[in-house]
Amino acid sequence: MIALAAQPVQSCQPEEDRVVVSGSILCRRRNPEAAANMKFEDILDEVDGFGPFQIAVVALLWVPRIVLPCHFLLNNFIAASPPHRCDIGALGLGGVFGNLSEEQKLTVSLPAREDGGGPESCEMFAQPQFQLLANGSRGGDPPTLRCQSGWVYDNSTFTSTLATEWDLVCDRKSLTQTTGSIFFLGVMLGAVVFGFLSDNYGRKNTLLASYVVATAFGFASAFADSYVLFAVLRFLTGFGLMGIGINALVLSIEWVDTEHRLFISVIGGLSWSAGNMLLAGFAFLVNDWRTLIMTVTAPLGFAVLTWWWIPESARWLLANGKVEKAQFDLDKCAKFNKRPKASSNLRLQELADVETLEKKDKSYTYLHLIKTPKMRRLTLLTGIVWYGVSSTYYGISLNISGFGLNIYLTHFVYAAIEVPAKLMIYFLLNVFGRRKCQAGTLLLTGVCIITNMLLPLGLWQVRAAVAILGKGLSEASFTTVNLYTTELYPTVVRQNGLGYTNLMGRVGVSVAPRILLLEVVWTDLPQVIISSVAIASGLASLLLPETLTVRLPETVDDVEKPRGNNVPSDSVESPAVLLESKNI
């Protein structure tokens, strides 16, 4: 099939290619048919597509992936607003209080809340109301002012937060959640930039750049001396973390054979849950927001040190014509897995030619997502579903108060419920199908949120149980949408489709913190919006086609025409490689 000259030559026949083997130039006769039938999976099988080498790669990438949820949900703790009241210390300087006790000073200086839960957080009397000490009556409605000398904070739960650092309370309360939106805008930009860099400069090099950016700006944000600087640094931290998410996932998947990709996706998804649970522990032990940021960023230092042992994707190397480097990494994989060395350099060169040709032949763009009627419909519906899933998940995850439990325990339980939810949905997807699972999890999530709105506050145990169930369902909907989307889009535009849907998801993530701020308008308004979004996106998913046991579409024409059914299970398993876009 392949003819080589016996001795090194300087020129070859027109039907032959010149290749370099061990420094010598040899002639190779082209065999397009044999090359076209060759797949990277064939090479990977020779060196063992799931052995100690792959397990080591996944383990090295687990640590940085644990950092992702710690930063993505960090605002639950660093942006918390502890109980506070106006500082009345300046009033006492003029001796107006005389020998009053501290409690009496508060009584005459601060109006009481209507629910009897202590003094108002943002108001003080224009003049001390000494008559309150005699009869407890205001004698009308004395004029009040906004706090004039700052605030006094309850430090029993947090030593310091963003709110206490820069007085982000009362009129400035929205600025705490704004940092979350700014962070996710950085995540959104990072997805675009690092996705491009990864495809053009390699996964490993881009991963190192991501490590450096996230580590540098993560630590720098802990030393910010102003709110504006902190917001900018958090934006850049989110930018770098997105690169870690993208490249860690791709490197894990591209070194594993098809049979074990689903397993690797499950393991990768569990890294999110593990990091989420660890965040609750870190926050419980570290009550200062600056120290907490450094604590959750520190594991990236270990990631930088272990980067040297992470191999570049051999698949990417071949697709970009870097055959010698691919041969080196594949040989290293074979040695680690106790297998014979990979195929010869010549066979890899054949495969690289095919990969490069296919790469050049790709001419599909994002415009192909809306060029034809059914593709437009698919694009619209998947965008709605992704926005709903992301907004619902983070709307629930960022709201961990009001259930009768301390926020640390609530956050931990919210994270722990993701593990059984994730494992259960993998089973249910093959029983009930993708569409029913997607619609069911979203609709039930909305029902749980509405139920909690209607339950009395006194039934905190029931409300906590319903909230935890809703969190588990939102996680299940996220797991489902990742698999479902990969099966809906045809192969020729699948990456474009996934890029678009992930963008819509990140829009939902960025909006979620802003929705929670609407509680100042009406306490239940954020829950009304989030439940409505969950139900609307669940209903939208019912309009999508079922993909269980349906042959995956290869071209846009496959979407425009009815698909055939009853295909082997292995034909619908391959898209499982992208089951955890939430993590990135």
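In this report, the structure presented in the accompanying data block is examined. As the structure is a prediction and not an experimental result, all values here were calculated from the model.

1. Here's the deal with the state of the cysteines
Here comes step 1: The tally for this structure, following the rule as stated, stands at two disulfides.
Here comes step 2: Here Cys86 connects covalently by a disulfide to Cys147, the sulfurs 1.8 Å from one another. Torsion about the S-S bond of the Cys86 and Cys147 cystine: about -70°, corresponding to left-handed handedness. Linking Cys86 in strand S3 (residues 84-86) with Cys147 in the loop between strand S5 (144-146) and strand S6 (151-153), this pair joins segments that are 61 residues apart in sequence.
Here comes step 3: Cys86 gets classed as buried once you look at its relative accessible area, which sits at 0%.
Here comes step 4: Between the sulfur atoms of Cys122 and its disulfide partner Cys170 the distance amounts to 1.9 Å. Across the S-S bond linking Cys122 and Cys170, the dihedral sits near -95°, which makes this disulfide left-handed.

2. Looking at the packing of aromatic side chains
Here comes step 1: All chains considered together, the criterion is met by 19 aromatic pairs.
Here comes step 2: Between Phe72 and Phe183, the aromatic rings sit 5.5 Å apart at their centres with planes inclined by 85°, giving edge-to-face as the arrangement. Placement of the pair is Phe72 in helix H3 (residues 52-72) and Phe183 in helix H8 (residues 174-201), with a sequence separation of 111 residues.
Here comes step 3: Of the residues examined, Phe72 reaches a relative accessible area of 4% and is grouped as buried.

3. Here we look at the nonpolar core
Here comes step 1: Counting residues in each nonpolar core, the largest one holds 102 residues, and the members touching the most others are Phe72, Phe77, Leu241 and Tyr394.
Here comes step 2: Here Phe72 is in contact with Phe183, Phe184, Val187, Leu241, Trp272 and Tyr394, once residues within four sequence places are set aside.

4. Here's the deal with the environment of Pro83
Here comes step 1: By the element assignment, Pro83 lies in the loop between helix H4 (75-78) and S3.
Here comes step 2: Distance from Pro83 to Asn155, taken between C-alpha atoms, is 8.5 Å for residues 72 residues apart in sequence.
Here comes step 3: If near-sequence neighbours (up to four positions away) are discounted, Pro83 is found in contact with Val152, Tyr153 and Asp154.

5. Some words on the pattern of salt bridges
Here comes step 1: Scanning the entire structure with this criterion turns up nine salt bridges.
Here comes step 2: Between Glu165 and Arg290 there is a salt bridge, with its nearest N and O atoms 3.0 Å apart. Residue Glu165 is located in helix H7 (residues 162-166), and its partner Arg290 is located in helix H12 (residues 289-297); the two are separated by 125 residues in the primary sequence.
Here comes step 3: One salt bridge connects Arg203 with Glu254, and the closest N-O pair in it is separated by 2.9 Å. Residue Arg203 is found in helix H9 (residues 203-221), and its partner Glu254 is found in helix H10 (residues 227-254); the two are separated by 51 residues along the sequence.
Here comes step 4: Judged by its relative accessible area of 8%, Arg203 is buried.

6. Examining unusual backbone geometry
Here comes step 1: Phi at Asp167 takes a positive value of approximately 50°, unusual for a residue other than glycine.
Here comes step 2: Relative to the helices and strands, Asp167 resides in the loop between H7 and H8.
Here comes step 3: A positive phi angle is found at Lys338, which is not glycine, with a value near 60°.
Here comes step 4: Following the sequence through the fold, Lys338 ends up in the loop between helix H15 (323-336) and helix H16 (345-361).

7. Details of the environment of Gln127
Here comes step 1: Its location among the elements puts Gln127 in the loop between strand S4 (123-125) and helix H6 (131-135).
Here comes step 2: Expressed as a C-alpha distance, the spacing of Gln127 and Leu110, which sit 17 residues apart in the sequence, is 9.7 Å.

8. Points about a nonpolar patch on the surface
Here comes step 1: A surface patch of nonpolar side chains, about 300 Å² in accessible area, is lined by Leu91, Val96, Phe130 and Leu133.
Here comes step 2: Along the chain, Phe130 turns up in the loop between S4 and H6.
Here comes step 3: When its relative accessible area of 38% is taken as the criterion, Phe130 is described as partly exposed.

Scoring rules and cut-offs
Residues numbered from 1 in each chain as written. Predicted model: local features only at pLDDT ≥ 70, side-chain atom pairs only at ≥ 80, totals over all residues. Heavy atoms only, no water. Disulfide = S-S within 2.5 Å. Helix = DSSP H or I, 4+ residues; strand = E, 2+ residues; numbered from the N terminus. Buried < 20%, exposed > 50% of the residue type's maximum accessible area, 1.4 Å probe, protein only. Phe/Tyr/Trp six-rings, centres within 6.5 Å; stacked < 30°, edge-to-face > 60°. Core = buried A, V, L, I, M, F, W, Y, C linked by side-chain atoms within 4.5 Å. Contact = heavy atoms within 4.5 Å. Salt bridge = Lys/Arg side-chain N within 4 Å of Asp/Glu carboxyl O. Patch = residues over 30% accessible without salt bridge, like charges linked within 9 Å, V, L, I, M, F, W, Y side chains within 5 Å. Areas by Shrake-Rupley, 256 points an atom, 1.4 Å probe, with all protein chains shown as cover.

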